[in-house]
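# Topology and contacts: notes
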Amino acid sequence: MIHTICSYFFSFMLYSFAGWVIETLLFLIRDKKVVKRGFLFGPICPIYGTGAVFCTAVLYGRVNNIFLVFICGLLLCGSLEYITHFVMEKCFHAMWWDYSTRRFNIKGRVYLNGLLIFGAGSTIIIKLLQPLVFKLINIIPNAVLYSICFALYSVLIIDFAATIENLKGGIRMLQNLQNSIIESTQKGVDLTEEQIESVKKHVVESKYAKKLSASLNDNNSVLSRMKSQHPDFTIDKYKAVLDIILDKPIESKRRKDIKLYGNGDDDNTQNTAEAE
């Protein structure tokens, strides 16, 4: 039992590292620069390892028909990607990828071309790669295999804890920033444009905004890495907060049905009334 668990965990780490290498190379070819991929600080993409191990546990040695392996791999990995997106969205109020602009997508979480790639990848893993991985594992002495897995597991747990704490720290800063905005706006009922600009200035210069800005500029922070690695990454729950800080007034949307008190229009109105 211990050998089986270590075999699958070793496979998980191997495929996670391979996925990280593949994504890094793809971005290097496309963008001509090295972009660190992955949710964690370490050089792994766990979703690749999870998908590979999931398919291996369900399909390896049980499904021999290549077409069925393709279909089952497509469904298994597609479900995993959808569930991962859903859970991370609910836990962190954020999304790391968005396929809503792609054809045949489901709520932007999965799309057809990606599913076809999953099916092809699953077929390659089950029919070609996993037999080689199991042969490699069988060559390694049990004591050495157990030591390697224990060391990798320890590092992985520390990486997960540090990453989640870092990300939650960023979310907490946004929450504090949101509370600062609400507190500032509640001081007045009818805010003029000058007062709104004053509130925005107060928020931008607040310690929470400065912490958030420092976090985004820190290459080692999760928020900064998400921003550079995943262009589609958004924090939807607090998007309105960032819009208030960064957005500029749109004159075309200014109300025309009522005058703005304090901008001089009321004097013109009074002169017009006196003339009449």
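As a starting point, this report considers the structure included with it. The model shown is predicted, which means the values in this text are computed figures rather than measured ones.

## Quick look at the packing of aromatic side chains
The final tally for this structure, using the stated rule, is six aromatic pairs. Here the aromatic rings of Phe-9 and Tyr-153 are separated by 6.1 Å at their centres, their planes lie at 70°, and the arrangement is edge-to-face. Here Phe-9 is found in helix 1 (residues 2-31), whereas its partner Tyr-153 is found in helix 5 (residues 142-185), with 144 residues between them in sequence. According to the relative accessible area criterion, Phe-9 is buried, its value standing at 16%.

## Thoughts on the nonpolar core
One finds Leu-145 and Leu-156 to be the most contacted residues of the largest nonpolar core, which totals 18 residues. Elements with a contribution of two residues or more to this core: helix 1, helix 2 (46-59), helix 4 (112-139) and helix 5. Residue contributions to this core peak at six residues, all from helix 1. In this view, Leu-145 contacts His-3, Cys-6, Ser-7, Phe-10, Ile-137 and Ile-140; residues no more than four positions away in its chain are not counted. Leu-59, Leu-76, Cys-77 and Ile-126 belong to the second-largest nonpolar core, a separate cluster that totals seven residues.

## Description of the packing of helix 1 against helix 2
Here helix 1 crosses helix 2 at 135°, and the two axes come no closer than 7 Å. With respect to their mutual orientation, helix 1 and helix 2 come out oblique. Along this stretch, helix 1 crosses helix 2, giving a crossing that reads as right-handed. Taking contact as the criterion, the partners of Tyr-8, Ser-11, Phe-12, Tyr-15, Ser-16, Gly-19 and Glu-23 in helix 1 are, on helix 2, Pro-46, Tyr-48, Gly-49, Thr-50, Ala-52, Val-53, Thr-56 and Ala-57. Each residue belonging to the contact of helix 1 with helix 2 can be placed in one class, and the counts come to eight nonpolar, six polar and one charged.

## Focus: helix 4
Under the 1.5 Å per step criterion, the end-to-end length of helix 4 is 39 Å for 28 residues, consistent within 8% with the ideal 40 Å. Residues of helix 4 that are buried include every one of Gly-114, Leu-115, Gly-119, Ser-122, Thr-123, Ile-125, Ile-126, Gln-130, Val-133, Phe-134 and Ile-137, and no others.

## Looking at the environment of Phe-86
Mapped onto the secondary structure, Phe-86 falls in helix 3 (residues 66-92). Overall, the relative accessible area of 36% leaves Phe-86 in the partly exposed class. For the pair Phe-86 and Arg-109, spaced 23 residues apart in sequence, the C-alpha to C-alpha distance is 7.8 Å.

## A short note on the pattern of salt bridges
Taken as a whole and assessed by the stated rule, the structure comprises one salt bridge. Linking Glu-89 and Arg-109 is a salt bridge whose minimum nitrogen-to-oxygen distance equals 3.2 Å. Note that Glu-89 is positioned in helix 3 and Arg-109 in the loop between strand 1 (105-106) and strand 2 (110-111), a separation of 20 residues in sequence. This pair shows no difference in class: Glu-89 is buried, exactly as Arg-109 is.

## Observations concerning unusual backbone geometry
If you check the backbone angles, Phe-104 has positive phi at about 55° while not being a glycine. With respect to the element layout, Phe-104 can be found in the loop between helix 3 and strand 1.

## So, a nonpolar patch on the surface
A grouping of Phe-67, Leu-68, Ile-71 and Leu-75 is seen on the molecular surface, where their side chains present a nonpolar patch of about 390 Å² in accessible area. Positionally, Phe-67 belongs in helix 3. Judged by relative accessible area, which is 57%, Phe-67 ranks as exposed.

## Side note on the side chain of Thr-56
Checked against the element boundaries, Thr-56 lands in helix 2. By relative accessible area, Thr-56 is classed as buried at 2%. Separated by 2.7 Å, the side chain of Thr-56 and the backbone oxygen of Ala-52 make a polar contact.

## Comments concerning the environment of Ser-147
Structurally, Ser-147 can be placed in helix 5. Considering only alpha carbons, one finds Ser-147 and Cys-6, 141 residues apart in sequence, at a separation of 9.7 Å. A polar atom in the side chain of Ser-147 sits 2.9 Å from the backbone oxygen of Ala-143.

Reading the values: rules and limits
- Residues numbered from 1 in each chain as written.
- Predicted model: local features only at pLDDT ≥ 70, side-chain atom pairs only at ≥ 80, totals over all residues.
- Heavy atoms only, no water.
- Phe/Tyr/Trp six-rings, centres within 6.5 Å; stacked < 30°, edge-to-face > 60°.
- Helix = DSSP H or I, 4+ residues; strand = E, 2+ residues; numbered from the N terminus.
- Buried < 20%, exposed > 50% of the residue type's maximum accessible area, 1.4 Å probe, protein only.
- Core = buried A, V, L, I, M, F, W, Y, C linked by side-chain atoms within 4.5 Å.
- Contact = heavy atoms within 4.5 Å.
- Axes fitted to C-alpha atoms, helices over the stretch in contact; angles between N-to-C directions.
- Parallel < 35°, antiparallel > 145°, perpendicular 65-115°, else oblique.
- Left-handed = near helix turned anticlockwise from the far one by under 90°.
- Nonpolar A, V, L, I, M, F, W, Y, C, P; charged D, E, K, R; others polar.
- Expected span 1.5 Å × (residues − 1).
- Salt bridge = Lys/Arg side-chain N within 4 Å of Asp/Glu carboxyl O.
- Patch = residues over 30% accessible without salt bridge, like charges linked within 9 Å, V, L, I, M, F, W, Y side chains within 5 Å.
- Areas by Shrake-Rupley, 256 points an atom, 1.4 Å probe, with all protein chains shown as cover.
- Polar contact = N/O pair within 3.5 Å; in protein donor to acceptor, adjacent residues only side chain to side chain.

Purely geometric numbers; function is a separate question.
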